[in-house]
Amino acid sequence: MDEKEVLTRFKNGHLDRDQVAALLTGAGTGTGPVVLALPDLRPEPSATAEPQAPGRRPDTEGVSGRDGQPVAEPVAVVGMAGRYPGAPDLAAFWRRARGGYDSASTPPAGRPGDELGHYLERVQDFDPEFFGIDAHEAALMDPQERLFLETAWEALEDAGCTGGRLDALTAADGTPRSVGVFTGAGPGDYALLAARTWRRERSRPMPRGGQWSLPNRLSALLGLTGPSQAVDTAESSVLVALHLAVAALRGGECAAALVGGARLLLHPSSRHPGAGEGVGALLLKPLARALADGDAVHCLVRGTAVGHTAPDPTAAGPGRASRAAGARTGSSAGHPQASAGRVLREALRIAGVGGVDGVVREDAAAVRDLVGDAGAATGAAVLTRAVLQLGHRVLVPGAGRAEAQPWESEGRGPRRICVGVRGAGGVDAEVVLEEHLPAAVAPRAVPDHDGAGPELFLLSAPSPAHLAATARRFAEMLDGPGPVPPLGRLARALRTGRAAMDCRFAAVVGDTGDLLRVLEEFVRGGAPCADLRGGGADPLGLGAVPETDGYLAALWRAGHVHQLRGLWLSGLDVDWAALEQSAGPEEPLPLPPSAFLRVPLWLGGEEGPA
């Protein structure tokens, strides 16, 4: 860039003094990070702006940071899921993080080698029927892609965003399912394994070797219309993907964004002592949209920044000035610690935070015992650990802490965590997370059939076997040692947040005891379900009649839940979110995800690694 552009960027706050000095003198070129900050793309507020919408936090817009610049509106984390060594779900991951467990082990039975690492179990297993994928095609899919599909679906279900609420995420032009997918992934080990057995005289289909398929297949299967992009900056991939996702949300490119990553050690060349595996996903929405939709908010993303530091700042390169010139300017841009600090400061500036005092730091070292050196999954694990600490208000064992301890806020405002990861190639990424402190707002009136009446409980799945397995999960939750959610919240979350599939179960119950009884009866095979796979859905054609919406609303208001149950079981798709509009955001309600019926799928029909 020329001198005018350098000075312009300095004036706008996109470059600091050290960077300007280095660029104008030619010193340090390529050593210090070029920090990429998210632009504030919101229009300037006008004097005639409409009053603030109900439910919006008063501190999300129009606030100035420490340098007087406006703080961009936060982005909410509304759903998440993951699978890590020794932890098939995030509840187990939290228990292991809180207990300070080390997941290192030798490879699972069936995998060659004896390297001590951090491994997932049964990585060859997948449920192609759930996603409508042919089994032969699924066997050619990279297992990293298969794991990410399942985890992304669980994150969408955690957010209550797989049914009509997913359709309602529209772009500015009205296009539905405006959801972006931004992912990081490990190397294409599966393609390398297939290449070992490929022969010209006996050629066969081969797995795809590119990482583009990880986000693109999810977008294609679910009909998502936002950006779909793979990122590869090694360990920092998922944080860079989150940075891009936040930019896309603030730029209006999508209404929500799914961010995640996966890493598996399938080829012997990928394994080394301490290497690890994992998969994680998070669903993001602008905070204002999340509050308007009544989403449960896990935490806020306040600021992100990305930069690069050359792994070897002393290495020679074409057009690179001498280090002596850098010394004349007093610049320390090439020093790795100074470079990482600059990216952190930029993220804090975007977040409107005055410094690191009172801000907890998390990095790749914080999850080394949990996931090891997990490549692209490292960032997902660090983010997940940070979000869980904010949600539980507990600091888990880490630097300076031998055991978990309550996280006291000390009256300094909301709790914050700065998550930072550097990739092997030198890409630094920093994310500032903040706990969500909802503002007190008057609840909106909610159309209801009868606040004290019976509840309509719905479950659906792609097959009767899937449906029974999911029903079993809910029965175990109701009969388990943990807290049981209120029946009204449980039933409403399933009606409004889960997709309506071909095989359906519905029950009208008065309390959770009744619900447990009917679920156990259904699991034992004593209750029928509606199976619409052979056609015949909505036999009266009510879905094509415009008056049906008014008819359904009248049934709901009058409390005729038995009639609504029959219509839904017949295949009529009901927009439950429209019938029972949200009264505002609620606390996260952890519910069992849909059950996957996994089968081993590997190259050439082999069993594959365990």
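These remarks concern the structure in this document.

1. Describing the pairing of strand β13 (residues 427-434)
Extensive coverage of β13 is indicated by the burial of eight of its eight residues. The side-chain alternation of β13 yields two buried faces, one formed by Val427, Ala429, Val431 and Leu433 and the other by Asp428, Glu430, Val432 and Glu434. Looking at chain direction, strand β8 (residues 299-308) and β13 are connected through eight bridges and run antiparallel. Looking at the pairing, His308 lines up with Val427 of β13.

2. With respect to the environment of Arg196
Its location among the elements puts Arg196 in helix α8 (residues 189-197). Exposure remark for Arg196: the relative accessible area of 51% places this residue in the exposed category. Not counting residues within four places of it along the chain, the set of residues in contact with Arg196 comprises His267 and Pro268.

3. Comments concerning the pattern of salt bridges
Counted according to the given criterion, the structure contains 23 salt bridges. Its salt-bridge partner being Arg385, residue Glu362 comes within 2.6 Å of it at the nearest N-O pair. Of this pair, Glu362 sits in strand β9 (residues 360-362) while Arg385 sits in helix α15 (residues 377-392); the two residues are 23 residues apart in sequence, bridging distant segments of the chain. Overall, the relative accessible area of 2% leaves Glu362 in the buried class. The class for Arg385 is buried, based on a relative accessible area of 2%. The salt bridge involving Arg422 is made with Asp428; its shortest N-O contact spans 2.6 Å. Given the relative accessible area of 5%, Asp428 is considered buried. When salt bridges that share partners are traced, they join Arg165, Lys285, Arg289, Asp293 and Asp295 into one network.

4. Regarding the side chain of Arg504
Inspection of the secondary structure puts Arg504 in strand β15 (residues 503-509). You can call Arg504 buried: its relative accessible area is 4%. Among the polar contacts listed, one links the side chain of Arg504 to the backbone oxygen of Met501, at a separation of 2.9 Å. Side chain to side chain, Arg504 and Asp573 meet in a polar contact 3.0 Å long. Once residues lying within four places of it in the same chain are set aside, the contact partners of Arg504 are Leu459, Ser460, Leu467, Cys529, Ala530, Leu532, Trp568, Leu569, Gly571, Leu572 and Asp573.

5. Digging into helix α18 (residues 512-523)
For α18, built from 12 residues, the straight-helix expectation of 16 Å at 1.5 Å per residue is met to within 8% by its first-to-last C-alpha distance of 16 Å. Along α18, the residues classified as buried are Leu515, Leu516, Val518, Leu519 and Phe522. A distance of 3.0 Å separates the backbone nitrogen of Gly513 from a side-chain oxygen at the start of α18, and that oxygen is part of Asp511. Two residues or fewer after α18 comes Gly525, characterised by a positive phi angle close to 90 degrees.

6. A short note on the nonpolar core
Ranked by internal contacts, the top residues of the largest apolar core, which has 54 residues, are Leu284, Leu383 and Leu433. In contact with Leu383, not counting residues within four places along its chain, are Val238, Leu239, Leu242, Leu282, Val419, Val431 and Leu433.

7. Section: the packing of helix α19 (residues 548-558) against helix α20 (residues 561-569)
Remark: α19 packs on α20, axes separated minimally by 8 Å, with the N-to-C direction vectors making an angle of 140 degrees. As far as their axial angle goes, α20 and α19 are oblique. When α19 is examined against α20, the residues Tyr551, Leu552, Leu555 and Trp556 are found in contact with a partner set consisting of Val561, Gln563, Leu564 and Leu567. Of the residues contributing to the contact of α19 with α20, the split by class is seven nonpolar, one polar and no charged.

8. Describing the packing of helix α3 (residues 90-99) against α15
At their nearest, the axes of α3 and α15 sit 11 Å apart, and the two run at 80 degrees to each other. By the criterion of interaxial angle, the relationship of α3 to α15 is roughly perpendicular. On the side of α3, the interface is formed by Leu90, Phe93 and Trp94, while α15 contributes Ala381, Thr384, Arg385, Leu388, Gln389 and His392. Broken down by class, the residue content of the contact of α3 with α15 amounts to five nonpolar, three polar and one charged.

9. A look at unusual backbone geometry
Backbone geometry places Arg122, a non-glycine residue, at a positive phi of 50 degrees. Of note, Arg122 is situated in the loop between α3 and β3 (125-126). On the basis of relative accessible area, Arg122 is assigned to the partly exposed category, the value being 33%. Positive phi outside glycine occurs at Asp538, with the angle close to 50 degrees. Structurally, Asp538 can be placed in the loop between β16 (530-531) and α19.

10. Observations concerning the sheet that holds β16
One open sheet holds the three strands; their spatial order is β14-β15-β16, and the pairing between them is antiparallel. With one partner strand each, in any of the chains shown, β14 (455-461) and β16 form the two edges of the open sheet. The sheet contacts of helix α16 (residues 464-478) involve β14, β15 and β16, and relative to β14 the element is tilted by about 135 degrees.

11. Focus: the packing of aromatic side chains
Under the counting rule described, the total for this entry stands at 10 aromatic pairs. For the ring pair Tyr190 and Trp602, a centre distance of 4.9 Å and an interplane angle of 75 degrees mean the geometry is edge-to-face. Taken as a pair, Tyr190 in helix α8 and Trp602 in the segment after β17 (599-600) lie far apart in primary sequence, 412 residues in all. Judged by relative accessible area, which is 6%, Trp602 ranks as buried. Three or more aromatic residues joined by ring pairs make a cluster, and in this case those are Phe126, Phe130, Phe131, Trp153 and Phe596.

Calculation criteria
- Residues numbered from 1 in each chain as written.
- Predicted model: local features only at pLDDT ≥ 70, side-chain atom pairs only at ≥ 80, totals over all residues.
- Heavy atoms only, no water.
- Buried < 20%, exposed > 50% of the residue type's maximum accessible area, 1.4 Å probe, protein only.
- Helix = DSSP H or I, 4+ residues; strand = E, 2+ residues; numbered from the N terminus.
- Pairing = 2+ DSSP bridges.
- Contact = heavy atoms within 4.5 Å.
- Salt bridge = Lys/Arg side-chain N within 4 Å of Asp/Glu carboxyl O.
- Polar contact = N/O pair within 3.5 Å; in protein donor to acceptor, adjacent residues only side chain to side chain.
- Expected span 1.5 Å × (residues − 1).
- Core = buried A, V, L, I, M, F, W, Y, C linked by side-chain atoms within 4.5 Å.
- Axes fitted to C-alpha atoms, helices over the stretch in contact; angles between N-to-C directions.
- Parallel < 35°, antiparallel > 145°, perpendicular 65-115°, else oblique.
- Nonpolar A, V, L, I, M, F, W, Y, C, P; charged D, E, K, R; others polar.
- Phe/Tyr/Trp six-rings, centres within 6.5 Å; stacked < 30°, edge-to-face > 60°.

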